[in-house]
Amino acid sequence: MSSSLLELANVGRTYHSGGEPLTVLREVSLTINSGEFVAIMGASGSGKSTLMNIVGCLDKPSSGAYKIRGVEVSSLSSDALAALRRDTFGFIFQRYNLMSDLSAVENAEVPAVYCGMAKQQRSAHAGELLQQLGLGDRLQHHPNQLSGGQQQRVSIARALMNGGPVILADEPTGALDSKGGKEVMAILVKLHEQGHTIILVTHDSDIAAYAHRLVRITDGRITSDEPQQKGEANPQAKAGEVEKDVKPGMAVLGEALKMALRSLLHNRMRTMLTMLGIIIGVASVVALMAIGNGAKQDVVERIQAMGTDLLTIMRGPPNVRASANIVTSFLPEDLPSIGNVTGVAMAIPETNISSLLRFGNQDLTVTVVGTGENFPLVHDWPAETGVFFSSEHVRRYAQVVNLGQTVAKNLFPQGTNPVGRYVLIGSAPFLVIGVMSSKGLDQRGNDMDNSVWLPYTTGGARIFGQRFFNDFVVRVKPDADMSLVQADLHTLLMKRHRKEDFNIRNMATTIETANETQNTLTYLLAAIAVISLVVGGIGVMNIMLVSVTERTREIGIRMAIGARGFDVLFQFLTEAVMVCFIGGLAGIVVGVGGGLAVSALAGWRVIFTVAPIIIACSCAIVTGIVFGYLPARKAAHLDPIEALARD
Ligand code: ADP
Ligand code: MG
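Anyway, here's the lowdown on the structure attached to this text. No experiment lies behind these values; they were computed from the predicted model shown.

One pass over the full model with this rule turns up 28 salt bridges. Close ionic contact of Glu 36 with Arg 213 constitutes a salt bridge, the shortest N to O distance being 3.0 Å. With Glu 36 in the loop between β2 (22-33) and β3 (37-41) and Arg 213 in strand β9 (residues 213-218), the pair connects residues that are 177 residues apart, well separated along the chain. Residues joined in a network through salt bridges with shared partners are Glu 106, Glu 255, Lys 258, Arg 262, Arg 551, Glu 554, Arg 558 and Glu 575.

Let's shift gears to the pairing of strand β4 (residues 63-68). Where strand β1 (residues 4-15) lies against β4, 5 bridges are found, and the strand directions are antiparallel. The partner of Glu 7 across the bridge, within β4, is Lys 67. Examined bridge by bridge, β4 and strand β5 (residues 71-72) share 2 bridges and lie antiparallel to one another. Note on β5: the bridge partner recorded for Lys 67 is Glu 72. Connecting β4 to the next strand, β5, in antiparallel fashion are 2 residues, including Arg 69 with a positive phi near 50°.

Two numbers describe how helix α3 (residues 104-113) lies on helix α5 (residues 148-160): the axes approach to 7 Å, and their chain directions differ by 30°. Relative to α5, the element α3 lies roughly parallel. Helix-helix and strand crossings are classified by hand; for α3 and α5 the assignment is right-handed. Only Val 154, Ala 157 and Arg 158 of α5 make contact with α3, whose side of the interface consists of Ala 104, Asn 107, Ala 108 and Pro 111.

On to the sheet that holds β9, then. Across the sheet, 6 strands lie side by side as β6-β7-β8-β3-β9-β10; this open sheet has mixed pairing. Pairing within the sheet leaves two strands with one partner each, and these edge strands are β6 (89-92) and β10 (221-227). Neighbour-to-neighbour, the strand axes of this sheet turn through a mean angle of 15°, independent of strand direction. Relative to β9, β3 is paired through 4 bridges, and the arrangement is parallel. Bridging from a neighbouring strand, Met 41 pairs with Arg 216 of β9.

On to the site of ligand 1. Around ligand 1 sit Tyr 15, Ser 17, Leu 22, Val 24, Ala 43, Ser 44, Gly 45, Ser 46, Gly 47, Lys 48, Ser 49 and Thr 50, and those are all the residues in its vicinity. Here an oxygen atom of ligand 1 and a backbone polar atom of Lys 48 are 2.8 Å apart. At 2.7 Å, a side-chain N or O of Ser 49 approaches an oxygen atom of ligand 1. Burial of ligand 1 by the protein amounts to 64% of the accessible area it has alone, namely 550 Å².

Next up on the list: the packing of aromatic side chains. Under the criterion given, the structure shown has 11 aromatic pairs. Between Phe 330 and Phe 472, the ring centres sit 5.2 Å apart and the planes meet at 10°, which makes this aromatic pair stacked. Taken as a pair, Phe 330 in the loop between β11 (310-315) and α10 (334-340) and Phe 472 in strand β19 (residues 471-476) lie far apart in primary sequence, 142 residues in all. An aromatic cluster is defined as three or more aromatic residues linked by ring pairs; in this entry it consists of Phe 375, Trp 381, Phe 388, Phe 389 and Trp 453.

Ranked by internal contacts, the top residues of the largest apolar core, which has 75 residues, are Leu 6, Val 55, Tyr 66, Phe 89 and Ile 199. The dominant element in this core, judged by the number of residues it contributes, is helix α18 (residues 565-602), at 9 residues. If sequence neighbours within four positions are ignored, Tyr 66 has contacts with Leu 6, Glu 7, Leu 8, Ile 54, Val 55, Cys 57, Pro 61, Val 71, Glu 72, Val 73 and Phe 89.

About the cut-offs
Residues numbered from 1 in each chain as written. Chains lettered and ligands numbered in written order. Predicted model: local features only at pLDDT ≥ 70, side-chain atom pairs only at ≥ 80, totals over all residues. Heavy atoms only, no water. Salt bridge = Lys/Arg side-chain N within 4 Å of Asp/Glu carboxyl O. Helix = DSSP H or I, 4+ residues; strand = E, 2+ residues; numbered from the N terminus. Pairing = 2+ DSSP bridges. Axes fitted to C-alpha atoms, helices over the stretch in contact; angles between N-to-C directions. Parallel < 35°, antiparallel > 145°, perpendicular 65-115°, else oblique. Left-handed = near helix turned anticlockwise from the far one by under 90°. Contact = heavy atoms within 4.5 Å. Near = heavy atom within 4 Å. Polar contact = N/O pair within 3.5 Å; in protein donor to acceptor, adjacent residues only side chain to side chain. Areas by Shrake-Rupley, 256 points an atom, 1.4 Å probe, with all protein chains shown as cover. Phe/Tyr/Trp six-rings, centres within 6.5 Å; stacked < 30°, edge-to-face > 60°. Core = buried A, V, L, I, M, F, W, Y, C linked by side-chain atoms within 4.5 Å. Buried < 20%, exposed > 50% of the residue type's maximum accessible area, 1.4 Å probe, protein only.

Next comes the structure, spelled out in structure tokens:
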């Protein structure tokens, strides 16, 4: 006695897709036992395929009940339905429904991917099945290199891949010539003998004659259901096979990676363009961060070059911007008491303005610095020719000046010694008594050699028009405690000025201030990078939506042969992430290359660090996940029937 395998009771199906609801199946009641060979016959449009799709769990009845092995199908989750399609049913379609990108073996393998069979095992099994079906020499052929009959045999191998106890064949010979049709029918007969339950849909009575039981369907109703002379159902039916508890995991990942790579290679140009946004985003982060780091390091080194044991006392209270200009209390009288603080080696005032310097008929805009005679010692900056002005010059308001290298070079013809000549600052004549050695750029990138130095007394009286200074620079004795000296200076100036109208910077705070500017720049860069990644991500999303639309049919096939919604989602997500990941890697290469090119061409210093590279690359991957999710979800939610119907 065979057990009742499939049981439809009063099943109806109404389509609502058009304007008017269209009832295609009415009150269909049908019981099919394990080991039967049933032909469902009817005219075109009578509802055979609709019935078959319901039987195969690709579609659901609108009314009535459908039980598989006694379990009501409407109570099952979509994953459980996918498992039924994967392990119980084997679909054979009129139009084969093979995937054109895959070889015969790979096509046959696919159902085993979704039950988690390892790659080697499944290609061996698929090869065996194809061999048995007479395709042993066609394993690596693609569908377009195979005849219709051969393609149909590949699809039979695919149906048998996970056992296929119940074979659902919807007009399997419909697209074949009579020879190919006979071959396919011979295979079905043999499968039935081996114990498979076969349900065959056809409009051809010659084909239906192969079956043991004939069900006629007219306009969605069963009009007759009778056995043919062939005999009983096969007693050794294997349709009772239980579902396996499978964990597709690695197999699905492998398949997703393979398919993603294939799809990306298939549309190379499109892939490249899609990646461009990601590449630009990542490359700009990597290159700009390297340039930024280089600039930062330059600044730090310039600050350090100015001397590590300097304290600068600046006008204006700490942390109040643009408050310096109103402070007029930095006076010559402060100097001796600053010099007397324990640990202070020497102190100089500094005031500078930009002014026109003239020699003969040449003039030049330079920085005029009014300072003390200890300037060369404080800044480690000696004169190269001549001498620096002395305390005597300061005391006598002498009209003497020292020139920076750039000034000397630009104002005097080559070979002329400026020492002993007179230059005009504004309208006042100054005697050049020395030319300073070269110092280079300061922390803001200004040329420090484009300056001239004169006694602060003379400067105050003739150039600046003010007695007070812009700041004091203090050199601390080598063995003194920097922070102690700083604290003492603070106490002293608080006493003298009676309010905190100054702030004292040491090298650490100066570097910090310089870095703040750099950090602002870094945030700006990060923002630009995020924007370009978002733009790139939108590009990825766009192209993935196109990809899902293009491959709707493939999705339908995969779902029909057992892919769960998650498997489809995962496949498309993998593709999106792969685009972004490869784009990210390419971006790193372009970014590093661009950074190196800039450093070679412009002479900028670049410093590559690992963190931005890792961050940029992970951002690219996250972009793939975020922007790939929507298209992937769209793919996973496709209705397999509609997807299969798509061309
Ligand atoms: P058969 O396989 O017997 O030729 P089908 O089951 O494919 O017939 O179709 C039966 C009827 O249902 C046809 O009139 C067809 O136009 C209609 N039909 C099939 N699928 C859909 C659908 N997704 N939406 C609306 N009508 C459909
Ligand atoms: Mg049909």
